[in-house]
Amino acid sequence: MARIRVPLNNFVFGEINPSLTSRIDSAVYNQAGQSVKNVFIRAEGGIINRPGSKRLFNFTHTYDDSLKQQIRLEPFVFSSDEKYVVAFSSGQIDIFRINLDGSYNSKVATLTQDVDSNALPIDNTNLTEFTYAQQGDFMFIAHNDFMPRELVRTGLTSFEVRVFEFDTSADGNRVLQPYYNFQGSGVTITPSATTGSSITLTTSSAYFNAGMVGSSLLIHDTQVDITAVTNSTTATADVQGTIERQLDFDSLNTTEGSDKVHVVMPDHGLSVGDSITISEAGALGGINNGSINGTRTITRILNANEFDYQAGGSASSTATGGGNPIISSTAATTDWYEQSYSSFRGYPAAITFHENRLWFGGTPSQPNGIWASAAGEFFNFDVGEGEDFDAIDLEVSVGVTNFIRHLVSNRDLQVFCNQGEFYLPAFQDQPITASIAKISEQTPFGSGFVKPLSLDGGTLFVQATGTAVREYIFNDSEGAYTTNMVSILSSHLISGPLQLTSVKGALDRPGAYAFFLMDNGEIAVFYSIRAEKRAGWMRWTTEGRFHSVCAVDEELFTVSVRDDGSGTNKLFLEQLDKDLNMDFSDDFTGTAGVFDVSAHFSDGAVVDVVDDTEYLGTFTVAGGEVDVSAVKLSTSAEMGYKFVPELQTMPIDGQVPGGPLTGRPRKITNVILDIKDTLSISVNGTNMIIRNVNFNPAQPRVPFTGKKEFRVLGYSKDPTVTISQIAPLDMQLNGMVVEVAF
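Report follows, based on the coordinates. (Residues numbered from 1 in each chain as written. Predicted model: local features only at pLDDT ≥ 70, side-chain atom pairs only at ≥ 80, totals over all residues. Heavy atoms only, no water.)

A closer look at the overall build of the protein chain
On a plain count of helices and strands, the protein chain comes out with one helix and 63 strands. If you line up the protein chain on its principal axes, its C-alpha atoms span 115 × 65 × 45 Å. Among the 742 residues that make up the protein chain, the fraction classed as buried is 54%. Partitioning the contacts of the protein chain with sequence separation of at least 6, the portion at a separation of at least 24 is 61%. Accessible surface for the protein chain amounts to roughly 29400 Å². Of this, 46% is attributable to carbon and sulfur atoms. Across the protein chain, the centroid of the 50 positively charged side chains sits 13 Å from that of the 86 negatively charged ones. (Helix = DSSP H or I, 4+ residues; strand = E, 2+ residues; numbered from the N terminus. Buried < 20%, exposed > 50% of the residue type's maximum accessible area, 1.4 Å probe, protein only. Contact = heavy atoms within 4.5 Å. Areas by Shrake-Rupley, 256 points an atom, 1.4 Å probe, with all protein chains shown as cover. Lys, Arg positive; Asp, Glu negative; His and termini not counted. Charge placed at Lys NZ, Arg CZ, Asp CG, Glu CD.)

Shown next, in the form of structure tokens:
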């Protein structure tokens, strides 16, 4: 019988789609597996079992399996020694402090209302959709349903929630917020007065809606607040100051011998015969200021930016000047706007910090709108005169309506929409300003609601279909961004992603890892080492299901759904801990093999017990205790729910004279494993036995490092090797050699 030896010395491509079982021609084939579960892929190419999780906190929420997510974890990092896990749920925010070393401290705050005693707007519908940006003491939270909220750290253990409020002008008459001309082209508005309360506003076409009460309009440069809506063309409003507009310096011109004054007023929106009041203009061309200022009538409209009016005298010379005149009028005008964010128009869905500005993106009424604050002034969104330090107002205009879902600050400002990906390019040694800001379309795939994250030089995002994970990365050779499907070989693992987090050097494992929470309660783990051209996927499962995941620096936290023995599924906050080998676990102390676990498990819970390097078995909690005395008189032990790490290879194949072995009956005769610091491992159900030192039960078992040979029985047309373990103990596999007989 002929034999071949097949080396499997790394598993860098992780778990790949079962549909690839015939691709023995691919370099991926012998560097991947049909199942790579509950392990980390090491930077060197081998695998090591994932850490267990430590139970930290029992949420009081009643678990509802009809909801995608009830609790969503996100990080809040102020400094290396002041960091937190924030747990969002319907109408509630719980905040947990994390110690300098990454360990859990305690819950420090529960918030159910803002500083004005209003209920929090987060609910089970928008929980999986809101975005956030955190810097310093502030976390800004955005969603189309509500005005952005601020989660503000007011002390080491104190927080509060505020409604985002824009700055106001120095005179207090104007809120420095974004505005937009929602009205159709040519629609005018006529104020009944330029000052005062309860003035009447009349539009030339249907515009007003009862939902606009409380919103503001900007007529010329003046804010008016709508207090009542009479009908679709009439509303009542209060004027903040005077309806007027200050012109640019030297906007007036005179012509020798003429009594007409030429005015440059961009987008004036006026008509011939309209009455205007001019003030603060200086003498010009021989006409004194008294004859230039005052109530005047427009005699000619040259274009949308220029008009003439009749002065009180004729000019003796042609001149340009007039200082900075102010023009006010009750005439109908097209120069008016409505605030962009309101209960009627909706609120921004996306938010980020980028180049010392706060950026918002995408409202229901302006789905492709992007707004940036003034430089260094995160609450000032006044576009002013478009100076470099002023706020920025842009649109993603590419012929189709794109709903902006995410803004990501990377080498550029990246814009993720429901139908495509865009970016605002960065300029060398020059920040983004209103004069140079532009949006460039890049790729056409679209993004879902999962917040994208940067990893290993690229930005990972979930495609709008929810069936693929892509990487958005700049290609220097093309001078543009490209979008690569990083899940193409492992598409079966992508099941309706709900959340994404990432760590760099996770839990003492080198490499960058991204953790995708799936709607089936599993976590799909993607790792990448771009410099070595290594990337692959793993699958994590647990007894119960994972419900949320987040990283705080290099520490990983989850919310998990567990039955603690009570017969009811509950929600628990847990932390992945490299010193634990089981989930929902902890270290307990006892006397003569009897442990009080009543604060952790309910009666009826079936738990696994490990004492140092020895697995004692499974035990049932009774009377609040676990009794292992029949096995060992332990005084300390780890107890929890074990998970099963697994690596199942692709069908072992090879090229022999006459062609590949594919489809031919063959058998695996033996498997030689290269393992390190391993206490428990099995090959196709055959377990490795670790002996006690000198066969003395009082001595701990010593982890094995080296080569270990396993004999395997049975023929198959698709023989595979399955690496697993029966005991929740340390396991590291560097590689293997498989001998096949045919």
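Examining the sheet that holds strand β34 (residues 413-417)
Across the sheet, which stays open at both edges, the four strands sit in the order β33-β34-β35-β36 with antiparallel pairing between neighbours. Since the sheet does not close on itself, it has two edges, and those belong to β33 (404-409) and β36 (440-443), each with one partner. Taken over all neighbouring pairs, the strand axes of this sheet differ in orientation by 30° on average, direction set aside. Examined bridge by bridge, strand β35 (residues 421-424) and β36 share three bridges and lie antiparallel to one another. Across the sheet, tyrosine 423 pairs through a bridge with serine 440, a residue of β36. (Pairing = 2+ DSSP bridges. Axes fitted to C-alpha atoms, helices over the stretch in contact; angles between N-to-C directions.)

A word on the pattern of salt bridges
Counted under the stated rule, the structure contains 30 salt bridges. For lysine 83, the salt bridge identified is with aspartate 553, shortest N-O distance 3.0 Å. Separated by 470 residues along the polypeptide, lysine 83 in strand β7 (residues 82-89) and aspartate 553 in the loop between β45 (545-552) and β46 (555-563) bring together distant segments of the chain. For glutamate 338, the salt bridge identified is with arginine 345, shortest N-O distance 2.9 Å. Classification of arginine 345 by relative accessible area gives buried; the value is 13%. Among the charged side chains, a network of salt bridges with common partners joins Arg3, Arg5 and Glu739. (Salt bridge = Lys/Arg side-chain N within 4 Å of Asp/Glu carboxyl O.)

Here's the deal with unusual backbone geometry
Phi angles above zero are rare outside glycine, and aspartate 456 is one such case at about 55°. For aspartate 456, the location among the structural elements is in the loop between β37 (453-455) and β38 (458-462). Assessed through its relative accessible area of 26%, aspartate 456 is described here as partly exposed. Not every positive phi belongs to a glycine, and aspartate 612 is a case in point at roughly 60°. Since its relative accessible area comes to 60%, aspartate 612 is described here as exposed.

Here's the deal with the pairing of strand β47 (residues 569-577)
Strand direction decides the pairing type here: strand β5 (residues 52-58) and β47, joined by six bridges, are antiparallel. Looking across to β47, one finds that lysine 54 is bridged to glutamine 575. Alignment of β46 against β47, held across seven bridges, turns out to be antiparallel. Across the sheet, valine 561 pairs through a bridge with leucine 571, a residue of β47. Between β46 and β47, which pair antiparallel in sequence order, lie five residues; one of them, glycine 565, sits at a positive phi of approximately 110°.

Some details on the packing of aromatic side chains
Following the criterion strictly, the structure yields 40 aromatic pairs and no others. Between the aromatic rings of phenylalanine 526 and tryptophan 537, the centroid separation amounts to 5.0 Å while the plane-to-plane angle is 45°, which identifies the pairing as tilted. Of this pair, phenylalanine 526 sits in strand β43 (residues 523-529) while tryptophan 537 sits in strand β44 (residues 534-540), placing them 11 residues apart in sequence. Given the relative accessible area of 4%, phenylalanine 526 is considered buried. (Phe/Tyr/Trp six-rings, centres within 6.5 Å; stacked < 30°, edge-to-face > 60°.)

Quick word on the sheet that holds strand β24 (residues 294-303)
The strand order across the open sheet built from eight strands is β20-β27-β23-β24-β25-β22-β21-β26, with neighbouring strands paired in antiparallel fashion. Each edge of the sheet is formed by a strand with only one pairing partner; in this case those strands are β20 (244-246) and β26 (319-321). Averaged over all pairs of adjacent strands, the angle between their axes in this sheet comes to 35°, without regard to strand direction. The pairing of strand β23 (residues 275-279) with strand β27 (residues 326-328) spans three bridges and is classified as antiparallel. Considered in β27, the bridge of isoleucine 278 is made with isoleucine 327.

Quick notes on the side chain of serine 216
Within the fold, serine 216 resides in strand β17 (residues 216-219). Owing to a relative accessible area of 5%, serine 216 belongs among the buried residues under this scheme. Engagement of the side chain of serine 216 in a polar contact is seen with the side chain of glutamine 223, the distance being 3.4 Å. In terms of polar contacts, serine 216 uses its side chain to reach the side chain of aspartate 225, at 2.7 Å. Aside from chain neighbours lying at most four places away, what touches serine 216 is Gln177, Tyr179, Gln223, Val224, Asp225, Tyr337, Glu338 and Gln339. (Polar contact = N/O pair within 3.5 Å; in protein donor to acceptor, adjacent residues only side chain to side chain.)

Quick look at the nonpolar core
Core analysis: the largest hydrophobic core is formed by 48 residues, its most contacted members being Phe515, Trp540, Leu673, Ile723 and Met736. When neighbours within four sequence positions are excluded, tryptophan 540 is seen to be in contact with Asn38, Val39, Phe40, Arg50, Phe515, Glu522, Ile523, Val525, Phe546, Leu556 and Leu576. (Core = buried A, V, L, I, M, F, W, Y, C linked by side-chain atoms within 4.5 Å.)

Looking at the pairing of β33
For β33, the tally of buried residues reaches five of six residues, placing the bulk of the element in the interior. The pairing of β33 with β34 spans five bridges and is antiparallel. When the sheet's bridge partners are listed, leucine 407 is paired in β34 with valine 415. Hairpin remark: β33 followed by β34, antiparallel, with three residues in the connecting loop.

Some thoughts on a negative patch on the surface
A contiguous patch of negative charge on the surface is contributed by Asp221, Asp248, Glu385, Glu387 and Asp388. Here glutamate 385 lies in the loop between β31 (369-372) and β32 (392-395). (Patch = residues over 30% accessible without salt bridge, like charges linked within 9 Å, V, L, I, M, F, W, Y side chains within 5 Å.)

A short note on the environment of glycine 376
Checked against the element boundaries, glycine 376 lands in the loop between β31 and β32. Look at glycine 376 and you get partly exposed, because its relative accessible area is 40%. When the C-alpha atoms of glycine 376 and phenylalanine 588 are compared, they prove to be 51 Å apart, with 212 residues separating the residues in sequence.

What about the environment of phenylalanine 140?
Locating phenylalanine 140 in the fold gives a position in strand β11 (residues 138-143). Take phenylalanine 140: its relative accessible area is 2%, and that puts it in the buried class.

Remarks on the side chain of asparagine 17
Tracing the sequence through the fold places asparagine 17 in the loop between β1 (3-8) and β2 (33-37). Judged by its relative accessible area of 14%, asparagine 17 is buried. Reaching out from asparagine 17, the side chain makes a polar contact with the backbone nitrogen of serine 19 at a distance of 2.9 Å. In contact with asparagine 17, not counting residues within four places along its chain, are Leu489, Ser490, Ser491 and His492.

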